[in-house]
Amino acid sequence: MIPATVEPAMWPRVRWWLAVIFVLLVQVGLVYWLSDRSVVTPRPPASVPAVFLVQDALVRLPTVTDPLLFSPANPNGFSGGVWSKTPKLEFHLADWTAPPSLLGLQTRQLGNAFTKFVRTNNTSSFTVADNPEPRLSSPELFLTVTPVPTQSELRVEGELLQRTFASPMVLTNWPGTNILTPTVVQVMVDLDGKTVSASVLSKSGSTDADKQALNLAKAARYSSIRNHGASQSPVSKLTWGRLIFEWHTVALPPAGPPPRKP
């Protein structure tokens, strides 16, 4: 047989309120019973030093309104008389001179430092104002593989390399002592091989040579590239290129004897 568990009965709400009111009444009674209900009497002041200024003394002290009157050293303060009577410190320099002390000249040691320097620093001898002899060497001859040109030549650059000349072009050798630079002429050729335009791009230094190059470029004829049976304008297709005239110079002819005077 299993015994049944009995749960304790809870207090009702009225009992809880009665317990709280009872505790509050006990606390209020203790505060009232333990409090001091005697009359409060003021305590006597402690004995401390006090400073009182006489009203007549304010007239004698015109700088009494200065808040820093008693803090720093001030000749107008209560100790001003002491500061004004303080003697000044004076310092007098003593007139003192040392007796002259002359150094003796050691004549036997003169030049010893220079002699020691020469002994410890040996230098190699060198010549003054001596020009070296010139180095003679045999000149080296550079022989070219290509033969030296003996005739003025013509080179073609650009699209004109695809066109051939209808007739060979003969160039002239120019007499002179100076070497002429190549004359460069830019030309424009039509379908029939005729020169449409020619202009000098670079001069050689000789007016006659440049003039001959320009005349040969204008008179030159090239192979035709016109299609047979096709009606095309000659300027429908133009070929551009450059003609480079490389001039060869020859020696001037010897001058003849001067004419005789009659």
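Residues numbered from 1 in each chain as written. Predicted model: local features only at pLDDT ≥ 70, side-chain atom pairs only at ≥ 80, totals over all residues. Heavy atoms only, no water.

Describing the nonpolar core
Side chains of nonpolar character tend, in soluble globular proteins, to be buried together. Judged by nonpolar contacts, the single largest core of 16 residues is most densely connected at Val185, Val187, Tyr222, Leu243, Phe245 and Trp247. Taken together, the elements giving at least two residues each to this core come down to β3 (183-189), α5 (207-219) and β5 (239-246). Sequence-distant contacts of Leu243, that is, excluding residues within four places in its chain, are made with Leu154, Arg155, Val156, Leu160, Phe165, Thr183, Val184, Val185, Val187, Ala217 and Tyr222. (Core = buried A, V, L, I, M, F, W, Y, C linked by side-chain atoms within 4.5 Å. Buried < 20%, exposed > 50% of the residue type's maximum accessible area, 1.4 Å probe, protein only. Helix = DSSP H or I, 4+ residues; strand = E, 2+ residues; numbered from the N terminus. Contact = heavy atoms within 4.5 Å.)

Let's talk about the sheet that holds β3
In sheet architecture, strand pairing relies on hydrogen bonds along the backbone and comes in two forms, parallel and antiparallel. Overall, antiparallel pairing links the 4 strands, which are arranged β1-β5-β3-β4 in an open sheet. Since the sheet does not close on itself, it has two edges, and those belong to β1 (153-158) and β4 (195-202), each with one partner. In this sheet, neighbouring strand axes are inclined to one another by 25° on average, regardless of whether the strands run parallel or antiparallel. Across 6 bridges, the pairing between β3 and β4 is antiparallel. When the bridges of β4 are listed, Val187 appears paired with Ala198. (Pairing = 2+ DSSP bridges. Axes fitted to C-alpha atoms, helices over the stretch in contact; angles between N-to-C directions.)

Let's talk about the packing of aromatic side chains
Taken as a whole, this structure holds 3 aromatic pairs when the rule is applied. Where Phe165 meets Tyr222, the ring centres are 4.9 Å apart and the plane angle is 35°; that geometry is what we call tilted. Of the two residues, Phe165 sits in the loop between β1 and β2 (174-175) while Tyr222 sits in the loop between α5 and β5, which places them 57 residues apart along the sequence. Note on Phe165: relative accessible area 30%, which makes it partly exposed. Given the relative accessible area of 4%, Tyr222 is considered buried. Among the aromatic residues, those joined into a ring-pair cluster are Trp174, Phe245 and Trp247. (Phe/Tyr/Trp six-rings, centres within 6.5 Å; stacked < 30°, edge-to-face > 60°.)

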